[in-house]
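Structural overview for review
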Amino acid sequence: GILPKQGNLIHPMLFARREDIEEYAARFNIAYREDSSNFSVKYARNKLRHEVIPLLEDIHPNFKDILTSNIRRIRETEKIYRRRVDEVISELLTEKDKMPAISISKLAATDAPTTYLFEYLAQYQFKYPTVEDIINSLQGIPGKTFFSPTHTVIREREFLVIKENKPAENSEEVFIDRDSVPGYIDQPLRLSFTLLKRDENFRINPDHRVALIDMDRLDWPLALSIWKAGEHFFPLGMSKAKKISDFLIDEKVPVYRKQNTRLLRSGKKVIWIPGMRLDHRFRITDETKNILKIKLLED
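Cut-offs and rules
Note on numbering: residues in each chain are counted from 1, in written sequence order. For this predicted model, a pLDDT threshold of at least 70 governs which residues receive local features, and a threshold of 80 or more governs which side-chain atom pairs are given and counted, while totals over whole chains, interfaces and linings are taken from all residues. Hydrogens and water are ignored here; the side-chain numbers use all heavy atoms of the structure. Numbering of helices and strands runs from the N terminus; a helix is a DSSP stretch of H or I covering at least four residues, while a strand is a stretch of E covering at least two. Throughout, radius of gyration means the C-alpha value; the globule benchmark is 2.2 Å times the number of residues raised to the power 0.38. Buried, partly exposed and exposed residues are distinguished by accessible area as a fraction of the type maximum, computed with a 1.4 Å probe on protein chains only: under 20%, between the cut-offs, and over 50%, respectively. Contacts are assigned to residue pairs that have any heavy atoms within 4.5 Å of one another. Residue exposure ignores everything except the shown protein chains as possible cover, and the areas themselves are Shrake-Rupley values with a 1.4 Å probe. Here Asp and Glu are counted as negative and Lys and Arg as positive; His is not counted, and neither are the chain ends. The atom standing in for a charge is NZ when the residue is Lys, CZ when it is Arg, CG when it is Asp and CD when it is Glu. What pLDDT conveys is the predictor's confidence in a given residue, as a value from 0 to 100. What qualifies as a polar contact is a pair of N or O atoms within 3.5 Å, subject to a donor-acceptor requirement within protein and to the restriction that residues adjacent in sequence count only when both atoms come from side chains.

Here we take up the overall build of the protein chain. Scanning the protein chain from terminus to terminus reveals eight helices and 18 strands. Since a compact globule built from 299 residues should have a radius of gyration of about 19 Å, the 32 Å found for the protein chain marks it as more spread out than a globular shape. Its C-alpha atoms give the protein chain principal-axis dimensions of roughly 100 × 45 × 35 Å. Per-residue burial for the protein chain yields a buried fraction of 31% across its 299 residues. Excluding contacts between residues fewer than 6 apart, the proportion of contacts in the protein chain whose partners are at least 24 apart in sequence is 59%. For the protein chain, the accessible surface area stands at approximately 20000 Å², while carbon and sulfur atoms represent 52% of it. Each charge class in the protein chain can be summarised by its mean position, and for the 50 positive and 45 negative side chains these summaries are 2 Å apart.

Given below as structure tokens:
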């Protein structure tokens, strides 16, 4: 049942039976060498060759002809099957944050969702039982994750996102000194720091990638690191504290992003969730004189 060509490996003699090859070699005096392991029935392939197939031939003398014919038919069937699988997967597949993603609604609408999903995820070393678990999770609450040796599938609200397993991102705290402003940092986020004066030309920038902060309220150095469980802040426009975890859930931040979300802090207070929300305590007011502008730069 092996294919005639698999990558760079070619099997040129699949058309011939063993008996035919031996007869040909004898007729033309061709010397050959046989691996001694071919005679050992401790290998499953030899147990089939030496014990199972002869028994089947006793039951049906034409068994090898039937088997060969069936293999040929199965190969052609597989081509049809593969073509259809590839067509369906191309309709399901999209991209999220440069990662492959599968539409859950489109997958559920197919005639064989488990099979289509397995055929796609097999390249990422997912086994069939795990794929069954993923399918069973589609009716549940989003947020579940499923693992293979090389990848993670994250079950979001609308998509299954496939993420490569990489070493944990650097979670060390990075400090920004007062003397380094104005300036910028490249790691772990690309941020620029600019000093502004409050005057009649000043305007609030609504861009979430830009934070305009009352500089006189800051304690230096500032610190940038991944958020911790239990941390809270006062989202801009709110007078009550909110847990970072609840905020990220409300903002529908995907699991793979949530795990690496970083906070900018002043002392023990959160100043800004870069690219998302400023803390209300550090907002610009009528009394603000000195402004620190921080911008999240594109990668």
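After presenting the structure, the write-up continues.
This paragraph deals with the confidence of the model for the protein chain. Put simply, the protein chain has an average pLDDT of 89, and 97% of its residues get 70 or more. Here helix H8 (residues 255-258) stands out as the element of the protein chain with the lowest mean pLDDT, 76, in contrast to helix H5 (residues 113-121), whose mean of 97 is the highest.

Another aspect to go through is the side chain of glutamate 156. With respect to the element layout, glutamate 156 can be found in the loop between strand E6 (151-155) and strand E7 (159-164). Glutamate 156 gets classed as buried once you look at its relative accessible area, which sits at 9%. Side-chain polar atoms of glutamate 156 contact the side chain of lysine 96, separated by 3.0 Å. What glutamate 156 contacts, discounting residues up to four positions off in sequence, is Lys96, Ile104, Pro142, Val161, Pro254 and Tyr256.

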